[in-house]
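# Structural characterization, general
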Amino acid sequence: MSDSDERLRLHGLDLSYFTGKLEAYCRAKGLAYDFVAMDMADFRRCAKATGRAQMPVLEFPGGRMLTDTTAIIAQCEDQGFEPALRPADPAAAFLSRLYEDMFDEWLWRPALYYRWAFKPDADLRSRQIAETMLRDLPLPLWLRRLFIRRRQKKLYLELDGVTKSTAPQIEKLYADVLDALEPVFSARPFLFGERPCEADFGLFGPMFRHFYEDPTPRAIMEERGRASLGWIERMWSAKPTDFEKAAPLGEAPGDLAWFDQLAATQYLPYLEANSLAVSQGRSWTSWRLAGVDWLVPPSAYRQECLNTLRRDFADLPDAARETIAARLGEVGHVLLGGPVRQPQNVQRSNAPKGPRD
Ligand SMILES: N[C@@H](CCC(=O)N[C@@H](CS)C(=O)NCC(=O)O)C(=O)O
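Predicted model, so just to flag it, every value in this text is computed and none were measured. (Residues numbered from 1 in each chain as written. Predicted model: local features only at pLDDT ≥ 70, side-chain atom pairs only at ≥ 80, totals over all residues. Heavy atoms only, no water.)

Looking at the ligand, the residues that line it are Ser 16, Tyr 17, Phe 18, Gln 54, Met 55, Asp 68, Thr 69, Thr 70, Arg 151, Tyr 156 and Tyr 301. Note that a nitrogen atom of the ligand is positioned 3.0 Å from one of the side-chain N or O atoms of Asp 68. Separating an oxygen atom of the ligand from a side-chain N or O atom of Arg 151 is a distance of 2.6 Å. Here the ligand, which alone exposes 520 Å², has 84% of that area covered by the protein. In a pocket analysis with a 2 Å cut-off to the grid points, the ligand is assigned to the largest pocket. Those elements that provide at least two residues to the shell around the ligand are helix 1 (17-29), helix 3 (69-78) and helix 7 (141-156). A class-by-class count of the residues in the shell around the ligand yields five nonpolar, four polar and two charged. (Near = heavy atom within 4 Å. Polar contact = N/O pair within 3.5 Å; in protein donor to acceptor, adjacent residues only side chain to side chain. Areas by Shrake-Rupley, 256 points an atom, 1.4 Å probe, with all protein chains shown as cover. 1 Å grid on protein atoms, 1.4 Å probe; cavity = no way out; pocket = protein on both sides within 12 Å on 5 of 7 lines; lining within 4 Å. Sits in = over half its atoms within 2 Å of the grid points. Helix = DSSP H or I, 4+ residues; strand = E, 2+ residues; numbered from the N terminus. Nonpolar A, V, L, I, M, F, W, Y, C, P; charged D, E, K, R; others polar.)

Here is the structure:
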């Protein structure tokens, strides 16, 4: 058996959100892999094996294939392999998973928006996708480019609620995230301390292959996200020996409070609206944020995200649930499935700055 038969194979693209996330995790964890740049045939082969048409896919020696970066990382941390990249404190571990989920799903829209709504970014990435992923389509390059550009605009702008009235909120979300990260990454190397955790890898998805590498959001990052630039470079070069002397991750730092509020006022209310739309078989999930109406197709995957968060929250020890409730506030706590404790203060249809105000 040759060496390459014993190594992991990571199928994906070097411009993909979730591929970058999984690669960073494998590198920090010391999991050696061979990178397989997907084409359409490989994408179909992987989809057949996993049941999901998405990248990345991690192939184990022997041919077993796994997809979904959240599940892959969680399973790996559950095994307890060193270096441990999950806080031992249960409230911090929950918060890290909540942030990871929010970064995966809630920063997806700004990441795709900057890639496909701006000409320099769309020119660059349509060419790269035509030359890589679509290289086995028997069509001339210009036609492959046109095809991918139209597809991505339809799927990730038009069908993801991007309009003239929602675009300012999408741009504000990116700017606000950079501003919130600036003091955090000026104070310490990673979100929770001296080593990255699931939240860092979730954040790395949009930050690396999109905001750091696509020209339009990169220019914004250079202007207002200098500390984020440093964190991205630290994340990408991370290896297990970096963490030999790093303190284990403790409680979640208080200066991440802005992200608690993002979850409580935007992400969790959206997840709840989405879950309702899926359960009721509706064609659209609708919500209102700061006076702007949003309309996007319901997502069964994101309904499962909310179910998982609620299950994990319910399984926490009482003290950890109290910590999360104090951080997220009454509305966030109730959206996670916690009991209503101050009925007179709960205004679920009027959350501060939330999608329903
Ligand atoms: N939840 C999945 C999401 C994977 C995902 O959506 N990947 C994107 C690329 S970054 C994809 O494959 N999209 C398929 C498409 O555009 O058709 C994960 O964590 O792996």
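Okay, back to it.
Let us now look at the confidence of the model for the chain. Looking at the chain, the pLDDT average stands at 94 and 94% of residues meet or exceed 70. Scored below 50 in pLDDT, residues 346-357 shows 34 contacts in the model against residues more than four places distant or in partner chains. (pLDDT = per-residue confidence, 0-100. Contact = heavy atoms within 4.5 Å.)

Where nonpolar side chains cluster on the molecular surface, the patch consists of Leu 155, Leu 159, Trp 284 and Leu 295 and spans about 330 Å² of accessible area. Judged by relative accessible area, Leu 159 falls into the partly exposed class, the value being 31%. (Patch = residues over 30% accessible without salt bridge, like charges linked within 9 Å, V, L, I, M, F, W, Y side chains within 5 Å. Salt bridge = Lys/Arg side-chain N within 4 Å of Asp/Glu carboxyl O. Buried < 20%, exposed > 50% of the residue type's maximum accessible area, 1.4 Å probe, protein only.)

A few words on the sheet that holds strand 2 (residues 33-37). Across the sheet, which stays open at both edges, the four strands sit in the order 2-1-3-4 with mixed pairing between neighbours. The sheet terminates laterally at strand 2 and strand 4 (65-67), the two strands that pair on one side only. On average, each strand axis in the sheet is inclined to that of its neighbour by 25°, with strand direction left out of account. Two strands pair when backbone bridges link them, and strand 1 (residues 8-12) and strand 2 are joined in this way by five bridges, in the parallel orientation. When the bridges of strand 2 are listed, Arg 9 appears paired with Asp 34. (Pairing = 2+ DSSP bridges. Axes fitted to C-alpha atoms, helices over the stretch in contact; angles between N-to-C directions.)

Our focus in this paragraph is helix 12 (residues 257-279). With 23 residues, helix 12 should cover 33 Å at 1.5 Å per step; its first-to-last C-alpha distance of 31 Å lies within 8% of that length. Maximum bend of helix 12: about 40°, positioned at Ala 263. Taken across its 23 residues, helix 12 has 17 buried, putting it largely inside the fold. Remark: Gly 281 follows helix 12 within two positions and exhibits a positive phi of approximately 65°. (Expected span 1.5 Å × (residues − 1). Bend = angle between axes of the 7 residues up to and from the residue.)

Nonpolar side chains in soluble globular proteins generally cluster together in the buried interior. Leu 191, Phe 192 and Leu 268 are the most contacted members of the largest nonpolar core, which totals 107 residues. Per-element tally for this core: the top contributor is helix 8 (residues 167-187), with 10 residues. Beyond its immediate chain neighbours, meaning those up to four positions away, Phe 192 contacts Pro 87, Ala 92, Leu 95, Ser 96, Tyr 99, Cys 197, Ala 199, Asp 200, Leu 249, Ala 252, Pro 253 and Leu 256. (Core = buried A, V, L, I, M, F, W, Y, C linked by side-chain atoms within 4.5 Å.)

Here the focus is helix 14 (residues 318-335). An α-helical turn contains 3.6 residues, so any two residues separated by three or four positions project in the same direction. Look at helix 14: only 17 Å from first C-alpha to last across 18 residues, short of the 26 Å you get at 1.5 Å a residue. Within helix 14, burial applies to Ala 320, Ile 324, Ala 325, Arg 327, Leu 328, Glu 330, Val 331, Gly 332, His 333, Val 334 and Leu 335. As for helix 14, its buried residues are in contact with helix 4 (90-106), helix 12 and helix 13 (300-314).

All right, on to the environment of Ala 219 then. Topologically, Ala 219 is positioned in helix 10 (residues 215-224). Taking the C-alpha atoms as reference points, Ala 219 and Asp 179, 40 residues apart in sequence, are found 15 Å from one another.

With the rule as written, the count across this model stands at 30 aromatic pairs. On the basis of an interplanar angle of 65° and a centroid distance of 6.0 Å, the ring pair of Tyr 99 and Phe 192 is categorised as edge-to-face. Taken together, the residues Tyr 99 in helix 4 and Phe 192 in the loop between helix 8 and helix 9 (198-212) connect sequence positions 93 residues apart. Both residues of the pair, Tyr 99 and Phe 192, count as buried. On the numbers, 5.4 Å between centres and 90° between planes, the contact of Tyr 113 with Phe 118 is edge-to-face. Residue placement shows Arg 209 over the ring face of Trp 236; its charged tip is 5.4 Å from the ring centre. (Phe/Tyr/Trp six-rings, centres within 6.5 Å; stacked < 30°, edge-to-face > 60°. Lys NZ or Arg CZ within 6 Å of the ring centre and 35° of its normal.)

With burial as the criterion, only one face of strand 5 (residues 285-289) is covered, namely that bearing Thr 285, Trp 287 and Leu 289; the residues Ser 286 and Arg 288 on the opposite face remain uncovered. In this structure, strand 5 lies alongside strand 6 (residues 292-296), joined through five bridges in antiparallel fashion. Following the sheet pairing, Leu 289 is matched in strand 6 by Val 292. Linking strand 5 back to strand 6 in an antiparallel pair, the connection comprises two residues, with Ala 290 at a positive phi of about 45°.

This part covers unusual backbone geometry. A cis amide bond, omega 5°, links Met 55 with the succeeding residue Pro 56. Locating Pro 56 in the fold gives a position in the loop between helix 2 (40-50) and strand 3 (57-59). Of the consecutive residues Glu 82 and Pro 83, the connecting peptide bond is found in the cis state with omega at -10°. In this structure, Asp 68 is a non-glycine residue whose phi angle is positive, near 85°. Inspection of the secondary structure puts Asp 68 in the loop between strand 4 and helix 3.

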